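Commentary on secondary and tertiary structure
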Amino acid sequence: MTDPTDFSLPQAAAMLRSGALTSRALIEATLARIAARNPRLDAFTHIAADALAQADRADVLFAAGEDPGPLCGIPVAVKDLLDVADQPATSGSRVLAGRIAATDAPAIAHLRAQGAVLIGKVATYEFAMVGPDLTLPDPPARNPWNTAHITGGSSSGSAAAVAGGLVRLAIGTDTGGSIRSPAAYCGCVGLKPTYDRVSRAGAFPLSPGLDHTGPLAASVEEAALALDAVTEGGQWRPASARIGQSIAGLKIGFARDWFADDPQASPTLIRAMDEAASILSLLGAQITLVTLPDYAPYEATASIILHAEALEEHRGLIRDHAADYGRPTLQCLAFGAALDVADVAHARKAQTRLTAEMLAAMDGCDLILTATTLTPALPFSVFDGERAVWTPMRTIAFNLTGQPALSLPAGFENGLPLGLQLVARHGDEDLLCMAGHAFERATDHSAQRPPL
């Protein structure tokens, strides 16, 4: 008999509505799965005391013929950077130890209004900065494919929870790649939406000019449905609108030199990306090689904005709680202290120019195909908690430009997942998810499960 935890979101939703499954049974199965697997993965840091009560409320709605949304009765994990009422909100730091959120972040309020079961909080790097920091009270989340390796990015627990089969859906944040890089490293789907499509309120800010909130999920369709559920305002096309449609005629620019020319890029990754371009072509997409602007100025510009804004967000806390911060986090904040007003003003001016250059490079293309990260996940052994370690990615450029970007599984190297990245113009999440879903259906990468 199939464990209810393994039903896809659409499958579970249909069964909940037909009466073949209750939300209580689904949440009981999810809690049992978490109890069995979380000790190895350290994904969850808190389980909601009212998880079953939330499920019962969803079942009452179904019994009354009410249907507030496709996520009603479905368990959702939330990164411990976003506020969930009556649950811990520590941002993975001693600085905020003991803090309990009084209200839901707007994105979480949307989920609650639709009857989603907010089952608990999952691990984050301290204040969404760098990690893993092995000196903090909560252990860092571990990669389900090999627990000796990191999950990557600050949405670490979100990716571990989804890839490990604890939940099908989690909410994360992405300032430099922290939805997409964990998705790539852990073999799940990460969707960073257009800037401001999802409210950033109620999430502890890292860099307000670069912060994005979005879903990590077991499949593209589930990520699209989740994004639709948390989208703010009615001006956006549904991300799920074109799921299942043919991508014949879709124009995809393959930004191969953006990663293949980098000496850090794994040869296996390069082969996987070439194969992905071939598969998309066989599905009917028109693939052309494109040259994107040099990545380095995007990374440097975003880094200035990120560190300057992060320091402003933390000035008061550092003054009163410096001793409670992890060393790598303080090192990152110290970089912000080295910047002056002119540095930041120049970076903001460059942001406008670089965004225009990226969009111009996409002229004639619907989407861009490139890599998410340049290697599989690194082992924990390279992190000692004394310094920040940066992993090679191709993500932060699209935080700078605010464009939507989707990471999904593209293959494996030595048993660890690799990810590809699709990028669209602002508001074109429906194209991203249409193409990602088509690729997912044509391969078995997303169907693979870690040996838990």
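Residues numbered from 1 in each chain as written. Predicted model: local features only at pLDDT ≥ 70, side-chain atom pairs only at ≥ 80, totals over all residues. Heavy atoms only, no water.

Quick word on the overall build of the protein
Spelled out, the test is: Secondary structure elements are defined from DSSP: runs of H or I of at least 4 residues count as helices, runs of E of at least 2 residues count as strands, and each element is numbered from the N terminus. Here the globule rule is a power law, 2.2 Å times the number of residues to the power 0.38, and the radius of gyration is based on C-alpha atoms. Three labels apply to residues, based on accessible area from a 1.4 Å probe with only protein chains included: buried if under 20% of the type maximum, exposed if over 50%, partly exposed otherwise in between. All accessible areas in this document rest on Shrake-Rupley with a 1.4 Å probe, and a residue is counted as covered only by the protein chains that are shown. For this count, His and the chain ends are skipped, Lys and Arg are scored as positive, and Asp and Glu as negative. In this description, the location of a charge corresponds to atom NZ of lysine, CZ of arginine, CG of aspartate or CD of glutamate.
A tally of regular secondary structure across the protein gives 14 helices and 11 strands. Its C-alpha atoms give the protein a radius of gyration of 20 Å, within 12% of the compact-globule value 22 Å for 452 residues. Considering only C-alpha atoms, the protein reaches an extent of 60 × 60 × 45 Å along its principal axes. Going through the 452 residues of the protein one by one, you find that 61% of them count as buried. Looking at the protein as shown, the accessible area adds up to about 16200 Å², and 54% of this sits on carbon and sulfur atoms. Once the 33 positive and 48 negative side-chain charges of the protein are each reduced to a mean point, those two points are 1 Å apart.

Observations regarding the packing of helix α10 (residues 295-321) against helix α11 (residues 327-337)
Under the convention used in this document: For helices, the axis comes from a line fit to the C-alpha atoms of the stretch in contact; other axes are also lines fit to C-alpha atoms, and the angle between any two N-to-C directions lies between 0 and 180 degrees. Our angle categories are set so that under 35 degrees counts as roughly parallel, over 145 as roughly antiparallel, 65 to 115 as roughly perpendicular, and the remainder as oblique. Contact between two residues is taken to exist if any of their heavy atoms lie within 4.5 Å; hydrogens are not considered. For this classification, the nonpolar set comprises Ala, Val, Leu, Ile, Met, Phe, Trp, Tyr, Cys and Pro, the charged set comprises Asp, Glu, Lys and Arg, and every other residue, Gly included, is treated as polar.
Packing of α10 against α11 brings their axes to within 7 Å, and their N-to-C directions diverge by 110°. It follows from the interaxial angle that α10 and α11 lie roughly perpendicular. The residues of α11 that touch α10, namely those facing Ser303, His307, Ala308, Ala310, Leu311, His314 and Ile318, are Cys332, Leu333, Phe335, Gly336 and Ala337. In terms of residue class, the contact of α10 with α11 is made up of eight nonpolar, four polar and no charged.

Quick notes on empty space enclosed by the protein
What counts is decided by this rule: With a 1 Å grid laid over protein atoms only, a set of points is called a cavity when a 1.4 Å probe fits there but cannot get out and a pocket when it is open yet has protein on both sides within 12 Å along at least five of seven lines; lining residues have an atom within 4 Å of a point. Grid points are joined across faces, edges and corners, and a volume is the space filled by probe spheres set on the points.
On inspection of all chains with the given rule, the structure shows three cavities of 30 Å³ or more. Roughly 80 Å³ of internal volume is contained in the largest cavity. Residue lining of the largest cavity: 13 residues in total, with Phe7, Leu26, Ile74, Pro75 and Arg168 positioned closest to the centre. Where the lining of the largest cavity is concerned, the elements lending two or more residues are α1 (9-18) and α2 (23-41). For the second largest cavity, the calculated volume is near 50 Å³.

Focus on the environment of Thr373
Summarising the element assignment, Thr373 is placed in the loop between β9 (367-371) and α13 (397-401). On the accessibility criterion, Thr373 (1% relative accessible area) is buried. When the C-alpha atoms of Thr373 and Val84 are compared, they prove to be 30 Å apart, with 289 residues separating the residues in sequence. Filtering out sequence-adjacent residues up to four positions away, Thr373 remains in contact with Ser181, Ala184, Tyr185, Leu269, Pro392 and Met393.

Topic: the pairing of strand β6 (residues 212-217)
Just so we agree on the cut-off: Two strands qualify as a pair provided DSSP detects at least 2 bridges between them.
Within β6, six of the six residues are buried, leaving the element largely enclosed by the surrounding structure. Examined bridge by bridge, strand β4 (residues 169-174) and β6 share six bridges and lie antiparallel to one another. Counterpart to Asp174 in the pairing with β6 is His212.

Description of the packing of aromatic side chains
Applied cut-off: In summary, the pairing rule links any two rings of Phe, Tyr or Trp, Trp by its six-membered ring, whose centres are within 6.5 Å, and it sorts them by plane angle into stacked for under 30 degrees, edge-to-face for over 60 and tilted for everything else. Comment: the charge-over-ring label is applied if NZ (Lys) or CZ (Arg) is within 6 Å of the ring centre and within 35 degrees of the ring normal.
For the coordinates displayed, the defined rule picks out six aromatic pairs. Where Phe127 meets Tyr325, the ring centres are 5.6 Å apart and the plane angle is 35°; that geometry is what we call tilted. Of this pair, Phe127 sits in the loop between β3 (117-122) and α5 (156-163) while Tyr325 sits in the loop between α10 and α11; the two residues are 198 residues apart in sequence, bridging distant segments of the chain. Side by side, Phe127 and Tyr325 carry an identical accessibility label, which is buried. Judged by centre distance (6.1 Å) and plane angle (45°), the ring pair of Phe254 and Phe259 falls under tilted. One aromatic cluster is present, built from ring pairs that chain together Phe127, Phe204 and Tyr325. Sitting over the ring of Phe380, Arg142 keeps its end group 4.4 Å from the ring centre. Above the face of the Tyr295 ring, Arg394 is positioned so that its terminal group lies 4.5 Å from the ring centre.

What to know about the sheet that holds β6
Pairing between sheet strands relies on hydrogen bonds along the backbone, with the strands arranged either parallel or antiparallel. With mixed pairing, the 11 strands of this open sheet are ordered in space as β1-β3-β2-β4-β6-β5-β10-β11-β9-β7-β8. With one partner strand each, in any of the chains shown, β1 (44-47) and β8 (286-289) form the two edges of the open sheet. Between one strand axis and the next, the sheet turns by 30° as a mean value, whatever way the strands run. Packed on one face of the sheet, α5 meets β1, β2 (75-79), β3, β4 and β6 and runs near 155° to β4.

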